[in-house]
Amino acid sequence: MRGAKMDISIARTFLEVVKTGSFVNAAANLNISQTAVSARIRVLEEQLDRPMFVRNKAGARLTPRRRAVFPFCNEPRASMGGGANHGRFAPRGARRW
């Protein structure tokens, strides 16, 4: 499945699990079921062909290799929500993607 496009809901779910450290809390914050969170993360892991989280009874945390790249995961968040720095709404002179 490499090369497949990621659904924005999967990206948001991933970021929420990272933020909360829990599939249950992520589900509550996103107003979806825990089963839906698990399914989205499973799709992401299948697309990337690698695990993203270490899961245990206390919750979920990024694998050590994913933690190393996570700071870069926050950069696209503004554009995910249609932020002011995206597309035609970018300030004059701002770099457009």
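Refer to the structure presented above.
Quantities reported herein were computed from a predicted structural model and do not represent experimental measurements.

So, about the overall build of the protein chain. Summing up its helical and strand segments, the protein chain has five helices and two strands in all. Secondary structure elements in the protein chain, listed N-terminal to C-terminal, are α-α-α-β-β-α-α. Here the protein chain holds 97 residues, and the buried ones make up 29% of them. Contacts in the protein chain between residues far apart in sequence, at least 24 positions, make up 47% of those at least 6 positions apart. Accessible area of the protein chain: about 6,900 Å², with a carbon and sulfur share of 54%.

One pass over the structure, following the stated rule, counts two salt bridges. For Glu16, the salt bridge goes to Lys19, with nearest N and O atoms at 3.6 Å. Remark: Lys19 and Glu16 occur in helix α1 (residues 8–20); sequence separation between them is three residues, near one turn of the helix. Lys19 gets classed as exposed once you look at its relative accessible area, which sits at 56%. When the shortest N-O distance is used, the salt bridge between Glu45 and Arg55 registers 3.0 Å. Note that Glu45 is positioned in helix α3 (residues 34–48) and Arg55 in strand β1 (residues 53–56), a separation of 10 residues in sequence. Given the relative accessible area of 42%, Arg55 is considered partly exposed.

All right, on to the pairing of β1 then. Bridge count between β1 and strand β2 (residues 59–62): four bridges; the pairing is antiparallel. Looking across to β2, one finds that Arg55 is bridged to Ala60. Between β1 and β2, which follow one another and run antiparallel, lie two residues.

What follows deals with the environment of Leu44. Structurally, Leu44 can be placed in helix α3. When its relative accessible area of 3% is taken as the criterion, Leu44 is described as buried. For the pair Leu44 and Asp7, spaced 37 residues apart in sequence, the C-alpha separation works out to 9.2 Å. Those residues in contact with Leu44, other than ones at most four positions away along the chain, are Met6, Ile10, Phe14 and Met52.

Before going further, it helps to spend a moment on unusual backbone geometry. You will see that Asn31, though not glycine, has its phi angle at about 60°, which is positive. Inspection of the secondary structure puts Asn31 in the loop between α2 (23–30) and α3. On the basis of relative accessibility, which here comes to 69%, the residue Asn31 falls in the exposed class. Of note, the phi angle at Asp49 is positive, near 60°, even though the residue is not glycine. With respect to the helices and strands, the residue Asp49 is situated in the loop between α3 and β1. A relative accessible area of 56% means that Asp49 is categorised as exposed.

The rules behind each value
Residues numbered from 1 in each chain as written. Predicted model: local features only at pLDDT ≥ 70, side-chain atom pairs only at ≥ 80, totals over all residues. Heavy atoms only, no water. Helix = DSSP H or I, 4+ residues; strand = E, 2+ residues; numbered from the N terminus. Buried < 20%, exposed > 50% of the residue type's maximum accessible area, 1.4 Å probe, protein only. Contact = heavy atoms within 4.5 Å. Areas by Shrake-Rupley, 256 points an atom, 1.4 Å probe, with all protein chains shown as cover. Salt bridge = Lys/Arg side-chain N within 4 Å of Asp/Glu carboxyl O. Pairing = 2+ DSSP bridges.

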